[in-house]
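Residues per chain, in single letters:
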Amino acid sequence: MKVLITGGTNGMGKGVAKVLANYPGEKNEILLVCRSVKLGQQTMDEIKMDNAFAKISMVICDLSDMNSVKSAALEIKTKHDFIDSIFINAGIGYASCRVETIDGMDSHFQVNYLSQFYLAAQLLVLLEKSTRGGRVIYNATPGGKIFWDDMQMIKNWNYVHAIQQAMVAKRMLLITLHDLYKRRSNKVSFIGFSIHKTVWSNQLNIIPTHMRIAATVMKALGTFISIEECGKTMAPLFLETASETLARSGCLLTWKNGSFKTLEEDEEVLNMAKRKDLLDYSIHQCKDGSVEAVLDRLAKYEMNY
Ligand SMILES: NC(=O)c1ccc[n+]([C@@H]2O[C@H](COP(=O)([O-])OP(=O)(O)OC[C@H]3O[C@@H](n4cnc5c(N)ncnc54)[C@H](OP(=O)(O)O)[C@@H]3O)[C@@H](O)[C@H]2O)c1
């Protein structure tokens, strides 16, 4: 499988990259989409230490800058004929204040959701060419809401709300994309995954001291799992067959009692009119006619949109 991972230089994304690059009986190719050349190189070196034959490369992309995302999408499309799966994972967690991006958006909204909406939309054409069943796996958690009258959180910012809003947006989008594809040729699947335990990620180095102390106590009590355990849990989602992945498309999953379980979705996330509003808003924020064209092409097959 050729797997593209956003945020593969730390945390959950790195865990998935490490496990897939060394998966017994598989020769997976990993494409890291990362903002730092240094961390990208370090991650590639680390993976190659475990498996000298690992096929791994990187594309530099700062998700807080739409021009960088556009260049990365172009570079990927130039270098690759197909991709089998994409892990939409990169994200900002804790923040002490609202940071506006160069594109004038709330950082959590742009990094965790919008830039990756753009990236995935541009790369759908490569997923359609997968012979293994193209798929997009979204790192998502349940709950949260969209702040429809203040999506960029200018009036009322709170980092937890900002993280959760981006999660809701990802879950709404994956259902929309699933709907758009299901009448087409069922070529690409869209799956949300909520990890069952907190992962000991780089977030622990970013949070304030009092939170880190509490987390260290919780770690001693077994509340956390390592990035490698996270990778092992998630790996089957990237490797299963086309028919298996299609059967899960449109769902938000978690891991329980040794298998994947579907979580019930919120009414607002399922609401088609709300999802259409989010789609229109997202297309508008991308300020790039080619995204609209990609989605229009799919919409021709789905009369409801
Ligand atoms: N940890 C958990 O238990 C948990 C549970 C559920 C969901 N999540 C979600 O999982 C995702 C990953 O979180 P994590 O805990 O693994 O965090 P992490 O260790 O901090 O990793 C975040 C990744 O995102 C990348 N990233 C951040 N800003 C970026 C930008 N502007 N451009 C490109 N890449 C950027 C980081 O790059 P650098 O390496 O350069 O910093 C890093 O690779 C987040 O969306 C988080 O909300 C985490």
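In the block above lies the structure referred to throughout.
For every chain, the first residue of its written sequence is number 1, and the numbers climb from 1 along that sequence. Restriction of local features to residues with pLDDT of at least 70 applies here, the model being predicted, together with a cutoff of 80 or more for giving and counting side-chain atom pairs; totals for whole chains, interfaces and linings are based on all residues.

A. How the structure looks around the overall build of the protein. Numbering goes from the N terminus for both helices and strands, where a helix is a DSSP run of H or I of at least four residues and a strand is a run of E of at least two. Per the secondary structure count, the protein includes 12 helices and 10 strands. Atoms counted for the radius of gyration: C-alpha only. Globule rule: 2.2 Å times the number of residues to the power 0.38. In terms of overall dimensions, the protein is globule-like: its C-alpha atoms have a radius of gyration of 18 Å, near the 19 Å expected for 305 residues. Across its three principal directions, the C-alpha atoms of the protein cover 50 × 45 × 40 Å. Going through the 305 residues of the protein one by one, you find that 44% of them count as buried. Pairs at least 24 apart in sequence give 77% of the contacts found in the protein among residues at least 6 apart. Counting other C-beta atoms within 10 Å of each residue's C-beta, where C-beta atoms are placed from the backbone, gives the exposure class: buried for 20 or more, exposed for 12 or fewer, partly exposed between. Residues are scored as being in contact if the C-beta atoms we place from backbone atoms lie within 7 Å.

B. Looking closely at the sheet that holds strand E6 (residues 188-194). Across the sheet, 8 strands lie side by side as E3-E2-E1-E4-E5-E6-E9-E10; this open sheet has mixed pairing. The sheet terminates laterally at strand E3 (55-60) and strand E10 (259-263), the two strands that pair on one side only. The sheet shows a mean angle of 25° between the axes of neighbouring strands, taken without regard to direction. Pairing between strand E2 (residues 29-34) and E3: 6 bridges, direction parallel. When the sheet's bridge partners are listed, Glu29 is paired in E3 with Lys55. Lines are fitted to the C-alpha atoms to define the axes, a helix being fitted only along its stretch in contact, and any angle between axes, read from their N-to-C directions, falls within 0 to 180 degrees. Along the sheet, helix H2 (residues 37-50) contacts E2 and E3; its crossing angle with E3, the most-contacted strand, is approximately 175°. Any two strands between which DSSP finds at least two bridges are classified as paired.

C. The nonpolar core, seen in detail. Definition of nonpolar core: a set of buried Ala, Val, Leu, Ile, Met, Phe, Trp, Tyr and Cys residues joined via C-beta atoms within 7 Å. Ile5, Ile30, Leu32, Ile86, Ala120 and Leu123 are the most contacted members of the largest nonpolar core, which totals 83 residues. When residues of this core are assigned to their parent elements, the largest contribution, 13 residues, is made by helix H4 (residues 107-127). Ignoring any residue separated from it by four or fewer positions in sequence, one finds Ile86 in contact with Leu4, Ala120, Leu123, Leu127 and Val136.

D. Summary view of the site of the ligand. In this analysis, residues qualify as near a molecule or strand once their C-beta atom, positioned from backbone atoms, comes within 6 Å of it. Not every one of the 29 residues close to the ligand is listed here, only the nearest: Gly7, Gly11, Gly91, Ser201 and Asn202. Elements that contribute at least two residues to the shell around the ligand include exactly helix H1 (11-21), H4 and strand E7 (198-199). Examining the composition of the shell around the ligand, we find that 3 residues originate from one element, H1, more than from any other. The residue classification treats Ala, Val, Leu, Ile, Met, Phe, Trp, Tyr, Cys and Pro as nonpolar and Asp, Glu, Lys and Arg as charged. All others, Gly included, are polar. Grouping the constituent residues of the shell around the ligand by class yields 10 nonpolar, 17 polar and 2 charged.

E. Molecular detail of the packing of H4 against helix H11 (residues 272-286). Running from amino to carboxyl end, H4 crosses H11 at an angle of 85°, the nearest separation of the two axes being 10 Å. Taken together, the axis directions place H4 and H11 in an arrangement best described as roughly perpendicular. When H4 is examined against H11, the residues Leu114, Phe117 and Tyr118 are found in contact with a partner set consisting of Ser282, Gln285 and Cys286. A breakdown of the residues in the contact of H4 with H11 according to their chemical character gives 4 nonpolar, 2 polar and no charged. Angular relationships are summarised with four words: roughly parallel below 35 degrees, roughly antiparallel beyond 145, roughly perpendicular across 65 to 115, and oblique for the angles in between.

F. Fine view of the pairing of strand E1 (residues 2-6). Counting buried residues in E1 gives 4 out of 5 residues, a clear majority hidden from the surface. Sheet topology note: the E1/E2 ladder contains 5 bridges and is parallel. The residue bridging Lys2 from the neighbouring strand is Glu29, located in E2. With the strands aimed away from the viewer, a crossover counts as right-handed if its path from the first strand over the helix to the second runs clockwise. Running through H1, the crossover from E1 to the neighbouring parallel element E2 is right-handed.

G. Representation of the environment of Met1 in the model. Structurally, Met1 can be placed in the segment before E1. On the basis of neighbour count, Met1 is assigned to the partly exposed category, with 19 C-beta atoms found within 10 Å. Linking Met1 and Gly133, residues 132 residues apart in sequence, is a C-alpha distance of 9.8 Å. Among residues more than four places away in sequence, those in contact with Met1 are Asn28, Asp84, Ser85, Arg132, Phe238 and Leu239.

H. Region of the structure containing the environment of Asn205. The residue Asn205 is located in helix H6 (residues 203-206) in this model. Residue Asn205 is classed as exposed on the basis of its C-beta count, with 8 C-beta atoms lying within 10 Å. As a C-alpha pair, Asn205 and Gly25 span 180 residues in sequence and 35 Å in three-dimensional space.

I. Highlighting unusual backbone geometry. Unlike most non-glycine residues, Asn257 shows phi in positive territory, near 50°. Mapping Asn257 onto the fold places it in the loop between strand E9 (252-256) and E10. Since 6 C-beta atoms lie within 10 Å of it, Asn257 is described here as exposed.

J. Structural context of H4. Bending of H4 peaks at approximately 30° at the position of Leu114. Judged by how many residues are buried, H4 sits mostly within the fold: 20 of 21 residues are covered. Bend is computed residue by residue as the angle between axes fitted to the seven residues ending at the residue and the seven residues starting at it.

K. Structural context of the pairing of E9. With 3 bridges joining them, E6 and E9 adopt parallel strand pairing. Counted as the bridge partner of Phe193 is Leu253 from E9. Alignment of E9 against E10, held across 5 bridges, turns out to be antiparallel. Its bridge partner lying in E10, Lys256 is registered against Ser259. Between the antiparallel neighbours E9 and E10 lie 2 residues, among them Asn257 with a positive phi of about 50°.

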